[in-house]
Structures are given as C-alpha cells and as structure tokens.
Amino acid sequence: MREDGVKSGWRAVALITVVYVYFLIFAQFAFLARLAECGLGGDVLKLIMAAMACGGILLSLLTPRMQAALNPALRLRFGLALSAAAALLTLAPLVLISAVIIAFFIGAGLGITTVTLVTHLRLWTGARNGILSVGLGTGLAYFICNIPAVFTAAPVVQALLAAGLCAIAVALPLAPYNGSAPHPDARSSIPFAIALTSFTALIWLDSAAFYIIQHTAVLKAGTWLGSAHLWTNGGLHLLAAISAAMLLRRGRTLATLALAFAALGFACLLLLHPALILSASLFYPIGVSLYSVALVAYTSFLTSADSTNDRGRQAGWIYAIAGWIGSALGIGMGQNLGHVPPSFVAAAGVVVLAPVCLALVRRRPREIALVVAAAAGALLVYRILPGDQAATAITAAQRGRQIYISEGCISCHSQYVRPYSPDVLMWGPVESTAEIHAEKPPLIGNRRQGPDLTQVGLRRSPLWLKAHLVNPAEVSFRSPMPAFAFLFRDGRGDDLVAYLSSLHGPGEQWQLQREAAWVPSSSASASAADGERVYQQHCATCHDEDGPTRLHWLNDWRKLPPTLPELRTSAAGQPQSRLAQIAKFGMPGTDMPGHEYLSDGHLASVALWLKSSAPQNVSQPQAITTGDHE
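In this convention, every chain numbers its residues from 1, walking through the sequence in written order. Predicted model: local features are reported for residues with pLDDT of at least 70 only, side-chain atom pairs are reported and counted for 80 or more only, and whole-chain, interface and lining totals are derived from all residues. Excluding hydrogens and water, the side-chain figures rest on all heavy atoms present in the structure.

S.K.: Tell me what's going on with the overall build of the chain, and back it up with residues and numbers.
M.R.: Think of it this way: any DSSP run of H or I at least four residues long counts as a helix, any run of E at least two long counts as a strand, and we number them from the N terminus. From N to C terminus, the chain includes 31 helices and 0 strands. Only protein chains enter the area calculation, which uses a 1.4 Å probe; residues under 20% of their type maximum are buried, those over 50% are exposed, and those in between are partly exposed. Sorting the 630 residues of the chain into buried and exposed places 51% on the buried side. Whether two residues touch is decided by their heavy atoms; if any such pair falls within 4.5 Å, the residues are in contact. Residue pairs at least 24 apart in sequence account for 82% of intrachain contacts in the chain once pairs closer than 6 positions are excluded. The Shrake-Rupley method, run with a 1.4 Å probe sphere, supplies the accessible areas, and residue values consider only the shown protein chains as cover. Summed over all atoms, the accessible surface of the chain reaches about 27600 Å², with 64% contributed by carbon and sulfur.

See the structure below:
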C-alpha cells in the first residue's frame with residue numbers, strides 16, 4: 001500500500017533533519033559552549049564527553065533489544081523526548097555532576113533515536129524514493145546548521161532550537177508499526193564488515209578534521225567565519241547529500257564511500273597548509289555529506305540483512321563503534337597531534353578503497369579512473385608544497401587577528417576613530433579611507449559596546465591586555481565583557497594579545513602631545529569624596545597592597561605599581577592638572593592604563609583627593625613613579 005508516499009517521504013525527511021540538526025548544532029556546538037560558559041574545561045571536559053559517549057554506546061547497543069517492549073514509533077518518540085529534555089536541562093547553571101548526567105542523557109537520547117530511525121526508515125519513507133528522502137533530510141540538516149543566524153546564535157538559542165525541533169518531531173503522526181518492511185535492493189547492498197570498517201575510518205577522519213578546524217583560529221576563520229563561508233558550506237552539503245542519494249539509488253554504494261574518502265582525505269592533507277584552507281573548506285563538506293547519507297541509509301536500504309532484528313543489531317554496532325568510538329578517536333587525534341598525519345590518511349584509504357577497488361576492477365572502470373585521479377591529485381599537491389611554507393609565514397599577530405575575528409570581538413569593539421568627535425581625544429587620530437580598506441578584511445565594526453581599539457597597542461601594555469582578557473571586571477570596573485581566560489590554555493590568548501599590541505597608530509610621540517594639550521574642563525566640578533570613590537572603583541585593584549590585579553600578576557609587571565601611600569607622597573609635589581592627566585592617559589613605558597572614558601569631573605575629583613590627602617611636609621616636587629620591581 002502506498003499510503004500517501006509523498007506524505008510518508010516528507011515525514012522521514014523531517015525526522016532525519018531534526019535528528020541531525022540536534023546532533024550537529026546542539027551536541028557538537030551549543031553543549032560545548034555552555035560548558036565553557038560554566039567554566040567546565042580541560043580534564044573535566046574530557047570526563048563529561050566520555051559520559052556522553054558512554055550513553056551513546058550503551059543505548060545504541062541496547063535499543064535493538066527494545067523491539068518487543070516498544071514499537072519503533074514509541075521508541076523514536078521516547079528518544080526524541082529524552083533528547084529535548086537534555087537540551088533544556090543545559091539552560092540551567094552547570095556543575096560537574098549535573099553536566100556528566102546531562103551528557104549521558106544526550107548520548108542516550110541520540111543512541112535510541114538514531115538506531116531506531118535508521119533501522120525502520122522504510123516505515124516512514126516507503127520503498128519508492130526512500131534513499132532520496134535520506135539524502136534530502138541529511139542535506140537539509142547540514143544546510144540549516146550553516147544558516148548564519150543559526151550557526152552564530154547564542155548557545156542558549158541553539159539549545160532551545162534543538163529542543164523545539166525534537167518536540168515537534170515527537171508530535172509528528174508516525175505510521176503504526178506493522179511488523180515488516182520491504183527488503184532492501186540487493187543491487188546496493190554491501191557486507192556489514194565492509195560498512196562498519198569504512199564508516200569507522202571516515203568518521204575518524206571527519207572528527208579529527210572537525211576538531212582541528214574548530215580549535216585552530218586560522219583554519220576556523222577560513223572555513224566557518226562570515227556569512228559567505230557559511231552559505232557556501234550549506235549549499236555544498238545539500239548538493240553533495242542529494243548527489244550521494246542519487247549514486248546510492250543507482251546501486252553505487254562503494255563508489256559513494258570512495259568519493260567520500262577522496263574528498264575528506266584531500267581536505268585533511270590540505271589542512272596541513274593553512275594557505276590552502278579555502279580549498280579544504282570546499283572538499284570537507286562534500287566528503288562529510290557523501291558518507292553521512294550512506295551512514296543513515298545503510299541499515300534500511302544498503303544491507304543484505306534479512307530481518308528487522310538483524311538490521312537493528314547492525315545499526316547498533318555501526319553507531320556504537322563507527323559513530324561514537326570512531327568520533328572519539330578522531331577527536332583524540334586532533335587534540336594530541338593537531339593534524340591528521342598523511343600516513344593515517346593512507347591507512348584509511350586502504351580500509352575504504354580496498355573493497356571498492358576489488359569491485360570496481362570487475363565492474364566500474366570509469367569510477368576507478370576517477371578515484372585514481374583524485375588520489376594522484378592529492379598526492380601531487382602534497383608533494384609539491386613545502387612542509388612549513390604557510391606556518392612560517394604567519395606571525396603571532398596575524399594569528400591573533402584571526403582569533404579576534406573568530407571570537408566575535410568585532411561585535412563589541414570598533415577599529416574606526418570617528419572624525420570630528422570625542423573619539424579623537426580618547427582613541428587617537430582618524431585613519432584615512434585608504435588605510436582602512438587596505439586591511440583584509442576591514443575591521444571597522446558596526447557597534448561599540450566597548451572602547452575603540454584602533455590604537456589600543458599604544459594605550460595599553462601587553463600585560464594589561466592579558467589581565468583584561470583573563471578577568472575583565474577585575475581590571476575595568478563593571479566591565480560587561482566576558483572572560484576569555486580559556487584562550488590562554490592553548491596559546492590563542494597570547495596571539496590575540498600580540499595582535500592587539502600591534503595596533504599602535506602614529507606612535508608614542510603623538511600620545512605625549514595629546515596628553516600635554518589636555519586639561520580638565522574648567523566647568524567640571526570636583527570633590528574629594530567623589531575622588532575616593534573613583535579610586536576604589538578604578539585604581540585600587542592595582543595600587544592597594546592587596547589589590548587583586550596587583551597580586552595576580554605580581555611577578556609580571558614591568559614596574560610594580562606604587563601603593564597608595566607612595567602615590568600620595570608623589571602627588572604632594574605635582575600640580576593637580578598633572579595628576580588628572582596621568583589618570584586619563586596612563587603612564588607611558590609602564591603597565592598603567594589610561595581611563596579615557598572617565599568624565600573630566602571624575603578625573604579632577606581623583607586628582608583632588610590624592611592632592612588633599614598628600615603629606616604636607618614634602619618640599620621638593622616629585623614625579624609620580626611606579627617603583628622598580630626587582
């Protein structure tokens with residue numbers, strides 16, 4: 001009975017899309033981002049992700065045993081409901097125990113849902129266009145995840161999206177289980193052992209490449225940064241998924257896996273050379289979508305298993321070993337090596353291509369030529385490129401610029417001094433249009449929730465920049481900026497500091513001229529009580545004996561900041577206007593920053609407070625010093 005083949009097919013497309021979107025945008029991105037927001041990283045993160053893998057492996061293997069207790073529709077709804085609940089639980093503050101439990105439930109929900117769905121797909125796709133439904137559902141999922149508004153959304157929004165889609169899928173009218181399903185087409189079937197080893201090798205490659213791109217600023221900026229990249233990725237995923245479905249429908253399963261390996265393997269080799277990241281970003285999504293469609297379609301359409309029970313067991317083992325263990329091994333390779341060794345690409349090629357070659361030698365001479373040409377091209381490109389060509393050409397400041405872009409700093413900070421405005425006094429001289437357009441890409445910024453950074457390397461020392469990135473509110477009173485301490489765990493923070501320090505503008509001489517020409521407005525009202533409050537909010541963190549910033553970076557200062565008694569002694573012989581200048585512009589050659597954003601009244605008040613509390617027996621003028629720290 002056709003039952004409405006079109007409706008049935010679209011129901012399957014919706015289910016596949018929802019499950020893949022949940023896995024891609026929530027389990028791989030939003031959940032990890034929420035853990036970072038809650039300060040759960042390092043070895044703790046490994047424990048949490050191990051709990052997710054345990055849940056996924058365990059329920060992938062147990063789900064086929066639920067056949068007698070729950071029919072496929074109920075099992076699928078249960079897995080989707082569990083997945084939605086786990087996503088919603090991540091919205092609450094997370095500690096280690098709660099994160100481990102939630103991670104286990106995320107893995108368990110995915111294990112139940114994926115194994116049930118792929119085992120019984122034909123119940124919802126029908127036999128006529130089932131593989132095309134798989135291709136369309138998989139491609140749409142990748143496309144949706146690459147929509148810029150979805151990809152760049154806050155983790156909370158992504159979690160809500162994933163949970164909402166799962167809830168909608170639970171409410172879909174699923175056809176009742178009738179105890180049987182049409183048998184797969186024998187033309188497309190491949191032995192289970194070949195499928196298991198091939199999918200394991202491909203997922204291992206994919207996971208390693210994914211981790212390396214995600215955690216390397218230059219590679220991330222060249223693949224996932226900006227709307228153009230994301231739309232391109234989404235389009236490539238969708239086209240490759242539909243192409244994979246058409247190949248599988250024609251019985252070319254081994255050729256599809258071979259093409260997936262060729263694209264993924266080539267992308268992994270290109271990732272060794274950051275200058276070729278644009279090329280890698282084109283091959284990577286193609287390879288991922290090619291094998292993903294085959295992975296989803298295998299148990300229902302591409303296996304020779306005779307019974308539903310056998311297909312369920314095969315699905316459980318494939319998702320447990322290839323899906324979860326293969327993924328964990330790939331992530332481990334990315335963490336420990338930082339690249340995919342060419343020798344491993346070759347080994348994966350042997351695993352995937354050996355059965356392909358044996359079959360194609362007999363039946364598909366054109367496919368042989370295509371695979372050989374792709375492999376030869378990859379080898380040729382790899383051989384002719386010097387091993388460290390791109391790496392030695394990229395400086396720390398250049399890497400830091402990519403991190404500045406990838407971490408979204410442009411969303412809150414501009415690099416454009418607005419002409420004929422207070423910007424010139426606070427941030428520096430106006431750049432010419434030619435200077436702005438010479439940058440690739442220009443980082444003018446469209447919003448300014450924090451200070452302009454055009455000349456920040458002139459106004460702030462590297463130590464101050466690092467302290468501010470580690471704990472902004474400790475250094476800048478009531479700063480709304482989030483902490484970026486996690487960037488310093490793998491050196492990215494130091495690269496970002498190098499980039500910010502390189503933003504010098506016209507040089508120190510201009511800074512001194514600007515400082516000398518400024519005095520507080522004569523109309524600014526000052527009071528000593530207000531000055532003491534300003535000191536406590538903005539200065540005590542470095543100048544008090546027990547100031548948190550002073551103690552945190554005690555061994556890193558160029559010159560240890562003077563304590564309050566030392567400041568008062570130095571202030572006795574200084575004009576009040578000079579004290580206000582130092583408070584506004586900082587001290588060149590030290591780590592003391594300026595406070596350009598304070599009003600003239602606040603600056604005059606802190607100068608008055610220091611002056612009025614200075615000892616009266618100091619007869620000789622003294623310059624304010626910082627005290628050498630030996």
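S.K.: Quick one: what's the story with the packing of aromatic side chains, residue by residue and with numbers?
M.R.: Classification of ring pairs rests on two measures: the distance between centres of Phe, Tyr or Trp rings, Trp counted by its six-membered ring, which must be within 6.5 Å, and the angle between planes, read as stacked under 30 degrees, edge-to-face over 60 and tilted in between. What the rule picks out here adds up to 14 aromatic pairs. Where Y535 meets W609, the ring centres are 5.1 Å apart and the plane angle is 40°; that geometry is what we call tilted. Remark: W609 occurs in helix α31 (residues 600–612) and Y535 occurs in helix α26 (residues 528–538); sequence separation between them is 74 residues. An identical accessibility class is assigned to Y535 and W609; each is buried. Ring-pair connections join several aromatic residues into one group, and the members of that group are Y22, F26 and F31. Above the ring of W464, the side-chain terminus of R460 is found at 4.8 Å from the ring centroid. Over the ring of F585 we find K584, and its NZ or CZ is 5.8 Å from the ring centre. Over a ring means this: the NZ of a Lys or the CZ of an Arg is within 6 Å of the ring centre and within 35 degrees of the ring normal.

S.K.: Outline the environment of A378, listing residues and values.
M.R.: Mapped onto the elements, A378 comes out in helix α16 (residues 365–384). Given the relative accessible area of 8%, A378 is considered buried. When the C-alpha positions of A378 and G265 are compared, they lie 8.3 Å apart, and in sequence the two are 113 residues distant. Ignoring anything within four residues of it in the chain, the contact list for A378 reads F266 and L269.

S.K.: Residues and numbers for a nonpolar patch on the surface, please.
M.R.: Any residue with relative accessible area above 30% and no salt bridge may belong to a patch, with like charges joined within 9 Å and the nonpolar Val, Leu, Ile, Met, Phe, Trp and Tyr side chains within 5 Å. The working definition used for a salt bridge is a side-chain nitrogen of Lys or Arg within 4 Å of a carboxyl oxygen of Asp or Glu. A grouping of L47, V95, L96, I97, I101 and F105 is seen on the molecular surface, where their side chains present a nonpolar patch of about 540 Å² in accessible area. In terms of residues, the nonpolar patch owes the most to one element, helix α4 (residues 96–119), which gives 4 residues. Summarising the element assignment, L96 is placed in helix α4.

S.K.: Could you give an account of the packing of helix α30 (residues 576–585) against α31, with specific residues and numbers?
M.R.: Following both chains from N to C, one finds α30 and α31 inclined at 125°, their axes separated by 8 Å at the closest point. One finds that α30 runs oblique with respect to α31. The element α30 and its partner α31 pack so that their crossing is right-handed. Together, Q576, L579, A580, A583 and K584 of α30 and L603, A604, V606, A607, L608, L610 and K611 of α31 make up the contact between the two elements. In this analysis an axis means a line fitted to C-alpha atoms, helices contributing only their contacting stretch, and an angle means the value between N-to-C directions, from 0 to 180 degrees. Comment on the angle field: the value is read as roughly parallel under 35 degrees, roughly antiparallel over 145, roughly perpendicular from 65 to 115, and oblique elsewhere. Crossings are classed by handedness, with left-handed meaning an anticlockwise turn of the near helix from the far one by less than a right angle and right-handed meaning a clockwise turn.

S.K.: Tell me about helix α8 (residues 155–170), residues and numbers included.
M.R.: One less than the number of residues in a helix, times 1.5 Å, gives the span that helix is expected to have. Compared with an ideal rise of 1.5 Å per residue, which puts 16 residues at 22 Å, α8 spans 23 Å between its outermost C-alpha atoms and is within 8% of the ideal. Considered for burial, the residues of α8 that qualify are P155, Q158, A159, A162, A163, C166 and A169. Mapping the buried residues of α8 onto a view down its axis gives an arc of 130°, with all of them on the same face. Regarding the arc, it is the one traced by the directions from the helix axis to the C-beta atoms.

S.K.: Which residues make up the confidence of the model for the chain, and what values go with them?
M.R.: Scored from 0 to 100, pLDDT records how confident the predictor is in each individual residue. Summarising the model, the chain shows a mean pLDDT of 82, and 85% of its residues fall at 70 or more. Predicted confidence for residues 177–182 stays below pLDDT 50, and this span has 13 contacts to residues more than four positions away or in other chains. Note on residues 619–623: pLDDT is under 50 here. Beyond four places in sequence and across chains, it has 7 contacts.

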